[in-house]
Amino acid sequence: MKRIGLAGFIGLVATAGAEEPTLTFEKDVRPLLKAHCTLCHGEEEKPKGGVDLRLRRFMDAPTDSGAKLLVPGKPEASELVAIIERGEMPKKGHPVPPEQLAIIKQWIAQGAKTARPEPETLGNGPLITEEERAHWSFQPVKRPAVPKSEGAATPVDAFLAEAMKKEGLTFAPEADRITWLRRVTVDLTGLLPKPEEVETFLADASPQAYEKVVDRLLASPAYGERWARHWLDVVGYADSNGYTAADSARPQAWRYRDYVIRSFNEDKPWNQFIREQLAGDELAGATHGDYQAAVNDPKRLEQITATAFLRMAPDGTGDPNDDANLARNQVIAEQIKVVSSSLLGLSVACAQCHDHRHDPISQEDYYRFRAIFDPAYDWKAWRTPAQRLYSLYTPEESAKAAEIEKAAATIDVEAREMSKKFLDEIFEVEVKKLPEADREPYRTARATAEKDRTPEQKALIKKYPSALALYSLNLYDQKKQDLVDAKSKEAAALRATKPVQNFVMALMEVKGQVPESQLYNRGDHEQPVRPVTPGELTILATPEIEPFQPAAPPSGSTGRRLAYANWLTNGKHPLVARVLVNRFWMLHFGRGIVNTPGDFGHHGDAPTHPELLDYLADEFVKGGWKLKPLHKQLVLSQAYRQSSENPASSERDPDNRLFARHKLRRIEAEALRDTVLATAGALVEKPFGPPSTIARDPAGRIVVGVDKGTITSAKVEPGGEQDFRRSLYVQVTRSKPVTVLETFDSPVMTPHCEMRAQTTVAPQSLLLMNDTFVLENARRLADRLHEAVPTDENERLRLAWRTLFSSEPAESDLARARDYLRLQTASLTVYHAQNPPAAPAKGAPAPPKPDPAREALASLCQVLYSSNRFLYLQ
């Protein structure tokens, strides 16, 4: 339901004198009552106060107090109006806004009409009106004809130009080559173009120059790293479990991250990508107890790895928590939220406790949707995160490990027998020190298991504790203890020769274990109402998916997720392709055609260009669900190649809904960190594998490095090249976001991120001024510039501009930079003269001699890193 603002209602009333619009229950009033009232007055088995607001005719019945709820033609006599005006209803949530109450009054004054005859009965499922079914996103995708627009370079431009023309706007002038190159390089790889790449592009006068750049970027390994980050936002990727304060490690999540990177670089079709993530285990023929053959086949292992998509929600069930069953159900609820918003663009999670307030999604729908996934989660037979790790041992490695374990276990037995023999020998000496009358009873007590000892036996042992000699051999004879320890050590050394055992985090069903799914009252797992069967949301159901009767795969799983994944990716689903292409568009243009990428429902934004959205969705599906061709179409369009400056657009369309200019955007957090490292010559482009670790430093910042801190103190040691990898490979811990990334709006996954915020706040400037990450890399850049250009200051500055800004500096830029360096060098020279370094300790090397000129250049590099020209893409 779209909110009607007060100004909009005033406009509505202003036209009433000429021809008052006829309001209907279904179109105008039911959405308001559904948002505010029907939770208590319609969805409960016994509506409160005897008031049921689901149908117009139900309102003719008097309330329990005898009041007339509705008097057609007389809003002033209708209790529905009076109780809202008195502020008595709704009792929960926000009050009914005045403009919405005015609509209800006008509807009653017009006779409280319906658009059509109402149903005679209501079942358990949702009541969906024709108005709700007519919502744009629930309609099939229909490829529109491309408008005939003079001068439009591509179909994308034709659709946009047609909408602009209606508002008297045109595209902004084309951006210069360097602006476009920086824009497209960061968009596709998350890194700035290198000076030599800029030079090559500027020298290429061929008509294919732009296309060659795009092809090169899409073929780069950095492309997959960049675009994987976007999808990992949507799915809520983290290397920790979250939910509880423990926020325990999720050590195998990185395999899913690498799967996503490879999928993007390979341009894996998205229908396959989705099927693997929703049901890779069923595609691979694997179940919880029978997966070894699958994980030893590369293709099937890839499919299994993909199912970690369904393990990304916060999951504290392996950590101490107050309510284990609540924690289990919360994992499922959060994962349902991720799945539905990422693939359907609907806030299905809002129907967990009651019917959705704005969309035609009932609570029954929610639990039918959840039932698709229930066999894999099964909260009553729960498996913790550690129990959802699957060994990657080959059969040969398994056999070898078992052989070694058997030999080590034999040594363990020998060690225990040796220890027992020594202790028994000691006991025979110690027991003779007891009074003769106590010796045999003590011997009997010692031979009795502790849990079976009588009170008298316990008292006797307590009386002579040193004679027991059942434990702690070292207290009696350290030499004998050393002999036993040598035997354990022998077993440990043998176990160390086992093949290294790796694991994959995945979601699988237990063969033959199918829980009965339930609808829970108010979402409370302790209040089951009735069983439900799996199925698609009613508003989206077609004969192709309903009745939902999946064929069980030979592996023994239910096949529910695979059947649903096939339905989502058959090209006929009204939402999936639209949701995906809208997100791709948003990431290139700074806002979506639908600017609520996770909500295509009645409460989300309407598309600014519905025909363009359908064109792109259809093009995407017909193109084999491949993303790289779509990238190419978008970034080569006039819309993408235009400048960010268009005064007419800025004045008439400040939100840039018509895309008549390119949006000025700051580089995202990860791209900012990566470009700083790259321009400083420090970036290590090592792909894949376990994440680079993080730690809290003495200043309280979370940084990349090796944690050597204790409970009472913080300490970080360098991790070598791991510290300089791309941000995608840095550990993502929900409770400890990396400071330099968090400050620039990197999201915390609770449970995921549909669209990143972009803030401009003081801590960002303070970080650029003071953070050691910026200071250290500014020094590295200064060293790099000095090494490349040892003597010519002007050429050194030109190289700095080419490295950071991809362009030559103006003479005024050079003059200001030289003045800055001169003043800084003089100031630092005085400082060092007044503050000489302390004498080194005896035997320690002398500190490096101060170099004010080099330090001044590092200071200038820091200034350049902090400039809008570096931080923003035009």
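The structure displayed is predicted, hence computed values, not measured ones. (Residues numbered from 1 in each chain as written. Predicted model: local features only at pLDDT ≥ 70, side-chain atom pairs only at ≥ 80, totals over all residues. Heavy atoms only, no water.)

Enquirer: Quick question: what am I supposed to make of empty space enclosed by the protein here?
Expert: Regions of empty space are outlined by a rolling probe, equal in size to a water molecule, passed over the atoms. Scanning all chains against the criterion turns up 4 cavities of 30 Å³ or more. Size it by volume and the largest cavity reaches roughly 230 Å³. Lining the largest cavity are 20 residues, with Gln 731, Val 732, Leu 741, Ser 746 and Pro 747 positioned closest to its centre. For the lining of the largest cavity, the secondary structure elements donating two or more residues are α11 (221-235) and α29 (739-743). (1 Å grid on protein atoms, 1.4 Å probe; cavity = no way out; pocket = protein on both sides within 12 Å on 5 of 7 lines; lining within 4 Å. Points joined across faces, edges and corners; volume = space filled by probe spheres on them. Helix = DSSP H or I, 4+ residues; strand = E, 2+ residues; numbered from the N terminus.)

Enquirer: I tried to follow the environment of Glu 776 on my own but got confused; where do I start?
Expert: Within the secondary structure layout, Glu 776 lies in helix α31 (residues 772-788). The partly exposed category is assigned to Glu 776, whose relative accessible area is 35%. For the pair Glu 776 and Pro 465, spaced 311 residues apart in sequence, the C-alpha separation works out to 63 Å. (Buried < 20%, exposed > 50% of the residue type's maximum accessible area, 1.4 Å probe, protein only.)

Enquirer: What should I look at first to understand the pattern of salt bridges in this one?
Expert: It is possible for side chains of opposite charge to pair when their charged atoms get near one another. Going through the model one piece at a time under the given rule, you end up with 63 salt bridges. A salt bridge links Lys 480 to Glu 425; its shortest N-O distance comes to 3.5 Å. Linking Lys 480 in helix α21 (residues 478-495) with Glu 425 in helix α18 (residues 395-431), this pair joins segments that are 55 residues apart in sequence. Accessibility expressed as a relative area gives 22% for Lys 480, which makes it partly exposed. Beyond isolated ion pairs, a larger network of salt bridges with shared partners links Arg 143, Asp 618, Glu 619 and Lys 622. (Salt bridge = Lys/Arg side-chain N within 4 Å of Asp/Glu carboxyl O.)

Enquirer: Is there a simple way to think about the packing of α31 against helix α34 (residues 852-865) in this case?
Expert: Close contact between α31 and α34 brings their axes to 8 Å; oriented N to C, the two are set at 120°. Taken together, the axes of α31 and α34 are oblique relative to one another. In terms of crossing hand, the pair formed by α31 and α34 is right-handed. Contacts between α31 and α34 involve Val 774, Leu 775, Asn 777, Ala 778, Arg 779, Leu 781, Ala 782, Asp 783, Leu 785 and His 786 from the former and Arg 854, Leu 857, Ala 858, Cys 861, Gln 862 and Tyr 865 from the latter. (Axes fitted to C-alpha atoms, helices over the stretch in contact; angles between N-to-C directions. Parallel < 35°, antiparallel > 145°, perpendicular 65-115°, else oblique. Left-handed = near helix turned anticlockwise from the far one by under 90°. Contact = heavy atoms within 4.5 Å.)

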